[in-house]
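# What the coordinates show
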Amino acid sequence: MEASSSSSDSDDDFFAPSSWPSTSAAYTLLPSNKKMRRSRTAPAMVSMEDLFKSPTQSVHQFGPTSLVRQAAFLLIIYLSLGVVVYSFNRDHFSGVETHPVVDALYFCIVTMCTIGYGDIAPITPLTKVFACIFVLVGFGFIDILLSGVVNYVLDLQENLLLAGIKAQGQRQFDHGHGRGGGLSAYIVDVAKGRMRIRMKVGLALGVVLLCIGLGSMVLYFQEHLDWIDSFYLSVMSVTTVGYGDRAFKTLPGRLFASIWLLFSTLAVARAFLYLAEARIDKRHRRIANWVLQREITIEDLLAADINNNGFIRKSEYVIYKLKEMGKIREKDVMQICNQFNKLDENNSGKITLPSLLQSHL
């Protein structure tokens, strides 16, 4: 009984946030009048610093930046290849010509974004084969990289917005005005530390409307279409429908479309993805509320009792509720347990600092 009680207390202490020491707090535990000296048999301080480093620090040093560079490099190669092939085979494509380079770039962007107006199309077997390979590569590889760049830019924008709101909340707290509330609480989910999904949807839809409006303006003033046809072609373009009854025919219009289509189609795809995410998030919150509000039953106790000792500890209860919410699976729990067993080489049921330091040597 004493062993089980001590085990339960250790679980309670573990899940209490106030009991989680930081690196600075660990050093303040030392007496202030004593200097910390390294023993000859103690590990080097470099290993200690490595332990307290976040595992994501080294990843972020060359993760997103290299992704942006790689996407830009491959996009330049992709478009350059398409421009070269089109420029030397202009007679093998049908359509209204304006400028060879602009027409080639316009054709590549329309093909890559899977719009397919039909105003420029291959007419020979060789160019048709090239178009098939070109669209498959663009749709299956380049678009994935560009989507990764868009995700990185949106995440960076979200982090900057969150940092600004947190700084504003800190200033309000320092001046005694409290924390949170108002517009900041509506935008940011403080508990989860991220922007609320409804705000993401609103921003994404705002970008979509901005893209459609910008395209409609250019089509009206540059392509000389009426407002209905301008709006119609703009919507058909950003949604990658592209019936082909309307298209860009002027040199400035095609030059604008080469840039506008590339970003607007990705923005629309991201907006619809946020809408789907909002629906899934709403469903998860409804399930989580139901799981947390319902009372525990005998069947729940037996299912949560991993050790089959007739009672459940806080750790077992938390794991069971997370599985019931669908946050984790039994397979995930087993993988974590296997990882713990690898670190716990002595089968003591705990990971100690000496054993962790020994594994880093």
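Residues numbered from 1 in each chain as written. Predicted model: local features only at pLDDT ≥ 70, side-chain atom pairs only at ≥ 80, totals over all residues. Heavy atoms only, no water.

### As for the overall build of the chain
Heads up, the rule is: Think of it this way: any DSSP run of H or I at least four residues long counts as a helix, any run of E at least two long counts as a strand, and we number them from the N terminus. Accessibility here uses a 1.4 Å probe with only protein chains present; expressed as a share of the type maximum, an area under 20% marks a residue as buried, one over 50% as exposed, and anything in between as partly exposed. Working rule for contacts: check all heavy atoms of both residues, and any pair within 4.5 Å makes them a contact. Values of accessible area rely on a 1.4 Å probe in the Shrake-Rupley scheme; residue burial ignores everything except the protein chains shown.
The helix and strand tally for the chain stands at 15 helices and four strands. In the chain, which comprises 361 residues, the share counted as buried stands at 28%. Here the analysis covers contacts within the chain between residues at least 6 apart in sequence; of these, 62% occur between residues at least 24 apart. Total accessible area on the chain is roughly 24000 Å²; 63% of this is exposed by carbon and sulfur atoms.

### Things to note about the confidence of the model for the chain
For residues with low pLDDT, the predicted coordinates do not support detailed interpretation. The condition is simple: One confidence number per residue, pLDDT, is output by the predictor and ranges from 0 to 100.
In the predicted model, the chain carries a mean pLDDT of 74, and the fraction of residues at 70 or more is 66%. When pLDDT is averaged over each element of the chain, helix H10 (residues 227-238) comes out on top at 94 and helix H2 (residues 23-28) at the bottom at 41. pLDDT under 50 marks residues 1-9. Its contacts with residues more than four places away, or in other chains, come to three contacts.

### Some remarks on unusual backbone geometry
A positive phi angle, close to 60 degrees, is found at His 224, a residue other than glycine. Examined against the element boundaries, His 224 turns out to sit in the loop between helix H9 (197-221) and H10. In this structure, Thr 240 takes a positive phi of about 60 degrees despite not being glycine. Counting through the fold element by element, Thr 240 comes out in the loop between H10 and helix H11 (251-293).

### Here's the deal with the UniProt feature "transmembrane region" (unreviewed entry) in the chain
In plain terms, the rule: UniProt positions are given in the numbering used here, feature names are shortened, and annotations may be inferred rather than shown by experiment.
UniProt records the feature "transmembrane region" (unreviewed entry) at residues 71-89, 101-120, 126-154, 201-221 and 255-276, using the numbering of this structure. When the span residues 101-120 is considered, its composition is 60% helix and 0% strand, and the gap between its end C-alpha atoms is 13 Å. Its end C-alpha atoms 33 Å apart, residues 255-276 is made of 100% helix and 0% strand.

### Section: the pattern of salt bridges
Our working definition: Any Lys or Arg side-chain nitrogen located within 4 Å of an Asp or Glu carboxyl oxygen qualifies as a salt bridge.
For the structure shown, the criterion picks out 10 salt bridges. One salt bridge connects Arg 90 with Glu 97, and the closest N-O pair in it is separated by 2.8 Å. Of the charged contacts in the structure, one is a salt bridge between Arg 254 and Asp 119, with a shortest N-O distance of 3.7 Å. Highlighted residues: Arg 254 in helix H11 and Asp 119 in the loop between helix H6 (100-112) and strand S2 (121-122), separated in sequence by 135 residues. Across this residue pair, the class does not change: Arg 254 and Asp 119 are buried.

### Some thoughts on the nonpolar core
Filter applied, for reference: In this text, buried Ala, Val, Leu, Ile, Met, Phe, Trp, Tyr and Cys residues form a nonpolar core when linked through side-chain atoms within 4.5 Å.
Ranked by internal contacts, the top residues of the largest apolar core, which has 43 residues, are Tyr 106, Ile 109, Tyr 117, Phe 248, Trp 260 and Leu 261. Beyond its immediate sequence surroundings of up to four residues, Leu 261 is in contact with Ile 109, Val 110, Cys 113, Ile 115, Tyr 117 and Ser 237.

### Details of the packing of H10 against H11
Selection rule: Axis geometry follows a simple rule: fit a line to the C-alpha atoms, using only the stretch in contact for helices, then measure angles between N-to-C directions, giving values from 0 to 180 degrees. For classification purposes, angles smaller than 35 degrees are called roughly parallel, those larger than 145 roughly antiparallel, those between 65 and 115 roughly perpendicular, and all remaining angles oblique. Ten residue types, Ala, Val, Leu, Ile, Met, Phe, Trp, Tyr, Cys and Pro, are classed as nonpolar, four, Asp, Glu, Lys and Arg, as charged, and the remainder, Gly among them, as polar.
Relative orientation of the contacting elements H10 and H11 amounts to 70 degrees, with a least axis distance of 8 Å. The orientation of H10 relative to H11 falls into the category roughly perpendicular. Here Ser 234, Ser 237 and Val 238 of H10 come into contact with H11, specifically with Trp 260, Leu 261, Ser 264, Thr 265 and Val 268. Each residue belonging to the contact of H10 with H11 can be placed in one class, and the counts come to four nonpolar, four polar and no charged.

### Some words on the packing of H11 against helix H13 (residues 314-325)
Note the cut-off: When the near helix sits turned anticlockwise from the far one by under a right angle, the crossing is termed left-handed; a clockwise turn instead gives a right-handed crossing.
One can describe the packing of H11 onto H13 by two numbers: an axis separation of 9 Å at closest approach and a directional angle of 140 degrees. Crossing angle aside, the handedness with which H11 passes H13 is right-handed. On H13, the residues that touch Ile 287, Ala 288, Trp 290, Val 291 and Leu 292 of H11 are Lys 321, Glu 324 and Met 325. Looking at the contact of H11 with H13 residue by residue, the class counts come to six nonpolar, no polar and two charged.

### Digging into the packing of aromatic side chains
Convention followed: Stacked, tilted and edge-to-face are the three classes assigned to paired rings of Phe, Tyr and Trp, where Trp is represented by its six-membered ring and a pair needs centres within 6.5 Å; plane angles under 30 degrees give stacked, over 60 edge-to-face, the rest tilted.
As enumerated under the stated definition, the model contains 13 aromatic pairs in all. Measuring from ring centre to ring centre gives 3.9 Å for Tyr 220 and Trp 227, while their planes differ by 10 degrees; the resulting arrangement is stacked. Residue Tyr 220 is classed as partly exposed on the basis of its relative accessible area, which comes to 28%. Assessed through its relative accessible area of 43%, Trp 227 is described here as partly exposed.

### A few points about a nonpolar patch on the surface
Note the following rule: Patch construction takes residues with relative accessible area above 30% that form no salt bridge. Like charges are linked within 9 Å, and nonpolar side chains (Val, Leu, Ile, Met, Phe, Trp, Tyr) are linked within 5 Å.
A contiguous nonpolar surface patch, about 250 Å² in accessible area, is contributed by Val 129, Ile 133 and Val 137. Within the secondary structure, Val 137 sits in helix H7 (residues 125-174).

### Remarks on the side chain of Glu 223
Formally: None of His or the chain ends enter the tally, which takes Lys and Arg as positive and Asp and Glu as negative.
With respect to the helices, strands and loops of the structure, Glu 223 is situated in the loop between H9 and H10. Here Glu 223 sits buried without a salt bridge, and the closest side chain of opposite charge, Arg 254, lies 6.8 Å off (N-O distance). Residues in contact with Glu 223, not counting those within four places in the same chain, are Val 218, Ala 247, Phe 248, Lys 249, Thr 250 and Gly 253.

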